[in-house]
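One letter stands for each residue in the lines below.
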Amino acid sequence: MSYLGDFSLGKTLDFKFCTVQATGAPTTLAGTPVISAYVDNSVTQITAGITLTVDFDGVTGLNNVRVVATVANGYAFGSNYDLVITTGTVNSVSAVGYVVGSFSIG
């Protein structure tokens, strides 16, 4: 997981992460994967404004996440967010619960 930074409300951010199998080889994130944002200590998941692209640019295991952090999508000034895989598998093994990035809006 990486801290992506502190962004302005309304900003669109993109970042990449890699999924690998037990051998360490890059592997496609499968099973209709979803990335959700958790705000601060809340158990409410935000999925609005989040787009996940698996095998980005045709590169196996490279994933791109785009977050459009607007008020309309549920984001707020002064909050911290963790981006978590809430649906998906890697090599038929659940990847649910992996935190792939975090950011704040300030």
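Look up: the structure comes first, before these words.
Because the structure is predicted, anything quoted here is derived from the model rather than measured.

With that out of the way, let us pick up a nonpolar patch on the surface. Together, Leu 9, Val 71 and Phe 77 make up a nonpolar patch on the protein surface, roughly 320 Å² of accessible area in all. Mapped onto the secondary structure, Leu 9 falls in the loop between β1 (3-7) and β2 (12-18).

Our next topic: the pairing of strand β3 (residues 29-39). Across 8 bridges, the pairing between β3 and strand β7 (residues 79-90) is antiparallel. Within β7, the residue paired with Ser 36 across the bridge is Val 84. Bridge analysis of β3 against strand β4 (residues 45-46) gives 2 bridges, and the strand direction is antiparallel. Residue pairing across strands places Tyr 38 opposite Gln 45, the latter belonging to β4. Hairpin connection of β3 to β4: 5 residues between the antiparallel strands, including Asp 40 at a positive phi of 45 degrees.

This next bit is on the side chain of Asn 63. Residue placement: Asn 63 occurs in strand β6 (residues 62-68). A relative accessible area of 0% means that Asn 63 is categorised as buried. Among the polar contacts made by the side chain of Asn 63, one reaches the main-chain carbonyl oxygen of Gly 61 at a distance of 3.0 Å.

With respect to the helices and strands, the residue Ser 36 is situated in strand β3. Among the polar contacts made by the side chain of Ser 36, one reaches the side chain of Thr 86 at a distance of 2.8 Å. Excluding residues that lie within four positions of it along the chain, Ser 36 makes contacts with Gln 45, Ile 46, Thr 47, Ile 50, Asp 82, Leu 83, Val 84 and Thr 86.

Within this structure, the stated rule accounts for 5 aromatic pairs. With a centroid separation of 6.2 Å and 75 degrees between ring planes, the pair formed by Phe 7 and Phe 103 is classed as edge-to-face. Residue Phe 7 is located in strand β1, and its partner Phe 103 is located in strand β9 (residues 99-105); the two are separated by 96 residues in the primary sequence. We classify Phe 7 as buried; its relative accessible area is 18%. Look at Phe 103 and you get buried, because its relative accessible area is 1%. When the centroid spacing of 5.0 Å and the interplanar angle of 55 degrees are considered together, the rings of Tyr 75 and Tyr 81 count as tilted. With relative accessibility at 1%, the residue Tyr 81 sits in the buried group. Taken together, the ring pairs connect Phe 7, Tyr 75, Tyr 81 and Phe 103 into an aromatic cluster. Positioned above the aromatic ring of Phe 56 is the side chain of Lys 16, whose terminal nitrogen or guanidinium carbon lies 4.5 Å from the ring centre.

What counts as what
Residues numbered from 1 in each chain as written. Predicted model: local features only at pLDDT ≥ 70, side-chain atom pairs only at ≥ 80, totals over all residues. Heavy atoms only, no water. Patch = residues over 30% accessible without salt bridge, like charges linked within 9 Å, V, L, I, M, F, W, Y side chains within 5 Å. Areas by Shrake-Rupley, 256 points an atom, 1.4 Å probe, with all protein chains shown as cover. Salt bridge = Lys/Arg side-chain N within 4 Å of Asp/Glu carboxyl O. Helix = DSSP H or I, 4+ residues; strand = E, 2+ residues; numbered from the N terminus. Pairing = 2+ DSSP bridges. Buried < 20%, exposed > 50% of the residue type's maximum accessible area, 1.4 Å probe, protein only. Polar contact = N/O pair within 3.5 Å; in protein donor to acceptor, adjacent residues only side chain to side chain. Contact = heavy atoms within 4.5 Å. Phe/Tyr/Trp six-rings, centres within 6.5 Å; stacked < 30°, edge-to-face > 60°. Lys NZ or Arg CZ within 6 Å of the ring centre and 35° of its normal.

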